[in-house]
Amino acid sequence: MPVLLLVDGSSYLYRAFHALPDLRNSKGEPTGAIRGVLSMLRRLESDYKAEFRACVFDAKGKTFRDDWYPEYKSHRPPMPDDLRAQIEPLHEAVQAEGWPLLAVEGVEADDVIGTLTRLALERGWEVVISTGDKDLTQLVRPGVKWVNTMSEEVLDEAGVAAKFGVPPERIVDYLALVGDTVDNVPGVEKCGPKTAVKWLTEYGTLDNLVANADKVGGKVGENLRKHLDFLPLGKRLVTVATDVALPVALDDLPARDDDKAALRALYERFEFRGWLRDLDGQGAAAALASAGEAAVADDPPAAPGAHRGAYVTILDWATFDAWAAKLDGAALVAFDTETTSLDPMAARLVGMSFAIVAGEAAYLPLAHRGPDVPHQLPLDEVLARLKPWFESAAHAKLGQNLKYDAHVLANHGIRLAGIAHDTLLQSYVLESDKSHDMDSLAKRHLGLTTIPYTDVCGKGAKQIGFDEVAVDRATEYAAEDADITLRLHRKLWPQLETLPALAALYRDIELPAMRVLLDMERTGVLIDAFLLAQQSEELGRRLMELEREAHDLAGQPFNLASPKQLGEILFGKLGLPVVKKTATGQPSTDEEVLQQLADDYPLPKLLLEHRGFAKLKSTYADKLPRMVNPKTGRVHTSFSQAVAVTGRLASSDPNLQNIPIRTAEGRRIRAAFIAPRDHVIVSADYSQIELRIMAHLSGDARLLDAFAHGEDVHRATAAEVFGVTPAEVTSEQRRYAKVINFGLIYGMSAHGLAKNLGIDRAAAQGWIDRYFARYPGVAAYMDRVKAEAKERGYVETVFGRRLYLPEIRAQQVGRRQAAERAAINAPMQGTAADLIKKAMIAVHAWLPAAGLKSRLILQVHDELVLEVPRDELERVRAELPAQMCGVADLAVPLLVEVGVGDNWDEAH
DNA sequence: TCCGAATGCAA
DNA sequence: TATTGCATTCGGA
């Protein structure tokens, strides 16, 4: 379990300044506080083995507490000049020691520590908080320790209770009562620790004490009553925030090695001679090796019109060693893999590229083939050397679509860790409606034109594998990819940081979801190929029969799969009426048309049947068995995380999110998705998720009420719209209501509803009017979201995901209305997507933590599919819904329905 | 050989 | 003239 070590730098800085003697260097610069804080950091480093750490300082300027309470800390004398002078050099030194440093404007160090603590706990990490400030004991809980490195005091939950007389969760109540003279927050007059503990022991909580304030006797009781108005504010002031927006993620805080060159310079300036000797003791060579790290922070300015950086090819061990050392010391490394295949499960490494500083990158060729190939370093040995770096969470990596690179490395037995950033996801979160391939990103954000893949490998049938590309040419292309990725990150990440909700979405949902998807894709799903082969044969026979009959009816042979030929037969030769036309003006032969014609003519009915079977055979029965991976014996879909503009996932190669379910024949395909021996398939889907989100977003009282009481929402809608009691609703009425409810989610028009229900437009408008009359909150919401879209150009999900709607102000009515429908649909579809991603992250973390071997295998928008060992079934069935429902607290309850079976059809 | 259009599968 | 996707087939370029 990773450990996060958080140091309250400001608290120590003040204490060190006042506690330590007035040390100065020969120039007279004060150095005592610097030395004090640094020695504390060194002690912590040896006391606690932490993979992640941060030293947090208060930033200059006001904080939100000053807005709440102008007197906050107002009594403090101005900072002594000798202290102020030490801040900047201390910050430099802290970073040189390998400590990520944080100072967030508008937020106190306490709140940064509180927020990081929460984030770490959510990931199941352990946290050690080092501070001289007792207020922070309020953060102590299982997995969180408070240590005072100056007094060497360590407190866990029991320790806090023993020291203060109240448990950590009551510390804020305690502080509100006692007050905090350090921060100028007044407490109840004459109420000290003794009285506060007595009251809290008697009444349990501050709220309860306040409720019973009239029962408290004595002079101090009177003081309490006088202070009642202030107590809520007092409590707010002493409560450490755990939800502030941070410019960094946990993954940005790996413990780094110290930067010896920078340290040397600083120690020399401060004249810390003992520590200088320590540095020298480690040898000049080591200091030299890491000198390059200092360059990390500064990029050379790009030459105008040319971005071709200094790209090197790694062909010998000396160059490799130099780069390996750089990778080890770098705060963040962009890397990219070149492979033999676009199929992630089949791809083998051809080479890798790395970039640490913009404009400088290296390509490491490993498996290029051909007559003029230079000697390449041996793949296995290189991977063995790099494996610890790839698998270290402390070494932060950056990439463009790292899920793919993680697959490639996994194919070689390496589990990529330390995934800190992904420019694909950054771009997706910032502008989901734009393209996210690297060539487009480079053009859009950097104004650079990159080498297209097809320039290197050609395209179509003449395309060659990357292993056939000449190494020089490969270096230009591959090193550029790593270089551009790094530059994109430098551009996109600051943009994200200015939008805290989006930064949180990226950090807390998209990046963690990527790891879940990687594991799901690698797990794959078992299918019964024999069953599908049987079905294919059967479908083939019925198709031949239908085709023969169709040709008989047409009086001539024709290709049933060709809409063009079919149209000529139906509307030309047989003279059937044209019902509607396609976008290009051709008479349409789609299902709706054929359905309509089937009432009066025999051929369309045959065609409908033929179409249905042909689809099942070619897309599913024939295709799926061909997609079985020979190595794993399973089908591995690929989930795209940056395709759907609403935030949904997309599945491809094969698409496992559109497996049939509506017809009996179709369900036989689904039945071929099976569990292995001694396992079952478990399907868990969110019930009515988008309608529930609509209730939450609109706040409509009737809709909220229906969900709160667990009603059948379509029946409830029918009762409202048709003016009957729920018990009186007929199945026909319920069907109408269901269509209306679905239509609402899609921003339906009267026309659309009329078509769907087979009624006239005026009647449909009547139902819509009645719906909105009964659910005025929904009507108001629809207007609100359209207005918001028009004003801002985008709409948002509950979690702040943005969907831009460039056409919302279009001149063309049709385009504008389409954008308005998207504006209504996107927040609901997008929020559902956010929720299930959070659920996937939660379930993926929970299963192994609970000692279970069950695995997530598929996600279908509102459904998670798991493969579960039979002996784990009861636990999974019992706990999975809570895992999925616990991801958000909406105004409506979330409901998850679980199904179990030997195959997906039975389970769903 | 490539790509748009038409069609249909899912939530 | 209902939202978001992906795959298949045809057929013109």
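Fair warning: this is a prediction, and the values are worked out from it, not measured in the lab.

With that settled, the discussion passes to the overall build of chain A. Helices and strands together make up the secondary structure of chain A, namely 38 helices and 24 strands. Burial analysis of chain A (908 residues in total) assigns 51% to the buried set. Counting contacts in chain A only where the partners sit at least 6 residues apart, residues at least 24 apart contribute 68% of the total. Total accessible area on chain A stands at roughly 39,900 Å², and carbon and sulfur atoms take up 52% of it.

For serine 10, the location among the structural elements is in helix 1 (residues 9-19). Judged by its relative accessible area of 7%, serine 10 is buried. Excluding residues that lie within four positions of it along the chain, serine 10 makes contacts with Val56, Phe57 and Asp58.

On to the protein's contact with DNA strand B, then. Neighbouring DNA strand B are 23 residues, the closest being Gly460, Thr582, Thr584, Ile661 and Asp862. For DNA strand B, the backbone makes up 84% of the atoms found within 4 Å of the protein, where backbone means sugar plus phosphate. Between DNA strand B and arginine 648 there is a distance of 3.0 Å, counted from a base nitrogen to a side-chain nitrogen or oxygen. Between DNA strand B and the protein, one listed contact pairs a sugar or linking oxygen with a side-chain N or O atom of aspartate 862 at 2.6 Å. Across the surface near DNA strand B, the residue classes tally to 8 nonpolar, 8 polar and 7 charged.

Take the protein's contact with DNA strand C next. For DNA strand C, the set of nearby residues contains 29 residues, the closest of which are Ser562, Asp653, Gly743, Asn756 and Arg821. Sugar and phosphate atoms form 72% of the subset of DNA strand C atoms that lie within 4 Å of the protein. Within the side chain of serine 618, a nitrogen or oxygen atom sits 3.5 Å from a sugar or linking oxygen of DNA strand C. Elements with a minimum of two residues in the surface near DNA strand C: helix 24 (563-573), helix 26 (603-621), strand 17 (650-652), helix 32 (731-745), helix 33 (750-757) and helix 36 (813-849). Looking at the surface near DNA strand C, its residues break down into 8 nonpolar, 15 polar and 6 charged.

The next subject is the sheet that holds strand 23 (residues 863-869). Strand order across the open sheet formed by 4 strands is 22-23-19-24, with antiparallel pairing between neighbours. Two strands bound the open sheet, and with one partner strand each, they are strand 22 (855-859) and strand 24 (896-901). Going across the sheet, the axis of each strand differs from the next one's by a mean of 25°, ignoring polarity.

A few words now on the packing of helix 1 against helix 2 (residues 32-47). At a closest axis distance of 8 Å, the pairing of helix 1 and helix 2 adopts a crossing angle of 125°. As summarised for this structure, helix 1 and helix 2 are arranged oblique, according to the angle between their axes. Read as a crossing pair, helix 1 and helix 2 show a hand that is right-handed. Of helix 2, the residues touching helix 1 (which contributes Tyr12, Leu13, Ala16 and Phe17) are Ala33, Gly36, Val37 and Met40. Across the contact of helix 1 with helix 2, the residue classes tally to 7 nonpolar, 1 polar and no charged.

Before going further, it helps to examine the packing of aromatic side chains. If you walk through the whole model with that rule in mind, you get 24 aromatic pairs. The interplanar angle of 65° and the centroid separation of 6.0 Å between the aromatic rings of tyrosine 453 and tyrosine 477 together place this pair among those described as edge-to-face. Here tyrosine 477 lies in helix 21 (residues 471-497) and tyrosine 453 lies in helix 20 (residues 453-457), a separation of 24 residues in the sequence. The rings of Tyr267, Phe270, Phe272 and Trp275 are connected pair by pair, giving a single aromatic cluster. Taking the ring centre of tryptophan 275 as reference, the NZ or CZ of arginine 35 above it sits at 5.1 Å. The ring of tryptophan 68 is capped by arginine 236, whose NZ or CZ atom sits 4.3 Å from the centre of that ring.

Where like charges cluster on the molecular surface, the negative patch consists of Glu545, Glu549, Asp552 and Glu609. Here the element with the most residues in the negative patch is helix 23 (residues 529-554); it accounts for 3 residues. Tracing the chain through its elements places glutamate 549 in helix 23. Its relative accessible area of 31% is what places glutamate 549 among the partly exposed residues.

Assignment of secondary structure puts proline 30 in the loop between helix 1 and helix 2. Distance from proline 30 to phenylalanine 270, taken between C-alpha atoms, is 8.6 Å for residues 240 residues apart in sequence. Here proline 30 is in contact with Leu23, Arg24, Asp82, Ala85 and Gln86, once residues within four sequence places are set aside.

Between its terminal C-alpha atoms helix 26 stretches 25 Å, which fits the 27 Å expected from 19 residues at 1.5 Å a residue. Those residues of helix 26 that fall on the buried side of the exposure criterion are Leu603, Pro604, Leu606, Leu607, Leu608, His610, Phe613, Leu616, Tyr620 and Ala621. Turning to helix 26, the residues buried within the fold contact helix 23, helix 24, helix 25 (591-598), helix 27 (623-626) and helix 28 (664-670).

Aspartate 653 connects to proline 654 through a cis peptide bond whose omega is -5°. In this structure, proline 654 sits in the loop between strand 17 and helix 28. In the Ramachandran plot, aspartate 653 falls in the positive-phi region, its phi being about 55° despite a non-glycine side chain. Among the secondary structure elements, aspartate 653 is positioned in the loop between strand 17 and helix 28. Taking relative accessible area as the criterion, aspartate 653 reaches 55% and is therefore assigned exposed.

Another point: the environment of threonine 137. With respect to the helices, strands and loops of the structure, threonine 137 is situated in the loop between strand 4 (126-130) and strand 5 (144-148). A relative accessible area of 0% means that threonine 137 is categorised as buried. For threonine 137 and aspartate 156, which are 19 residues apart along the polypeptide, the C-alpha to C-alpha distance reads 8.7 Å.

This brings us to the packing of helix 29 (residues 689-698) against helix 36. Where helix 29 contacts helix 36, the two axes come as close as 9 Å, and the packing angle between them is 110°. Taken together, the axis directions place helix 29 and helix 36 in an arrangement best described as roughly perpendicular. The hand of the helix 29/helix 36 crossing is right-handed. Contact residues: Ile689, Glu690, Ile693, Met694 and Leu697 in helix 29; Pro827, Met828, Gln829, Thr831, Ala832 and Leu835 in helix 36. For the contact of helix 29 with helix 36, the class distribution of residues is 8 nonpolar, 2 polar and 1 charged.

About the cut-offs
- Residues numbered from 1 in each chain as written.
- Chains lettered and ligands numbered in written order.
- Predicted model: local features only at pLDDT ≥ 70, side-chain atom pairs only at ≥ 80, totals over all residues.
- Heavy atoms only, no water.
- Helix = DSSP H or I, 4+ residues; strand = E, 2+ residues; numbered from the N terminus.
- Buried < 20%, exposed > 50% of the residue type's maximum accessible area, 1.4 Å probe, protein only.
- Contact = heavy atoms within 4.5 Å.
- Areas by Shrake-Rupley, 256 points an atom, 1.4 Å probe, with all protein chains shown as cover.
- Near = heavy atom within 4 Å.
- Polar contact = N/O pair within 3.5 Å; in protein donor to acceptor, adjacent residues only side chain to side chain.
- Nonpolar A, V, L, I, M, F, W, Y, C, P; charged D, E, K, R; others polar.
- Pairing = 2+ DSSP bridges.
- Axes fitted to C-alpha atoms, helices over the stretch in contact; angles between N-to-C directions.
- Parallel < 35°, antiparallel > 145°, perpendicular 65-115°, else oblique.
- Left-handed = near helix turned anticlockwise from the far one by under 90°.
- Phe/Tyr/Trp six-rings, centres within 6.5 Å; stacked < 30°, edge-to-face > 60°.
- Lys NZ or Arg CZ within 6 Å of the ring centre and 35° of its normal.
- Patch = residues over 30% accessible without salt bridge, like charges linked within 9 Å, V, L, I, M, F, W, Y side chains within 5 Å.
- Salt bridge = Lys/Arg side-chain N within 4 Å of Asp/Glu carboxyl O.
- Lys, Arg positive; Asp, Glu negative; His and termini not counted.
- Charge placed at Lys NZ, Arg CZ, Asp CG, Glu CD.
- Expected span 1.5 Å × (residues − 1).

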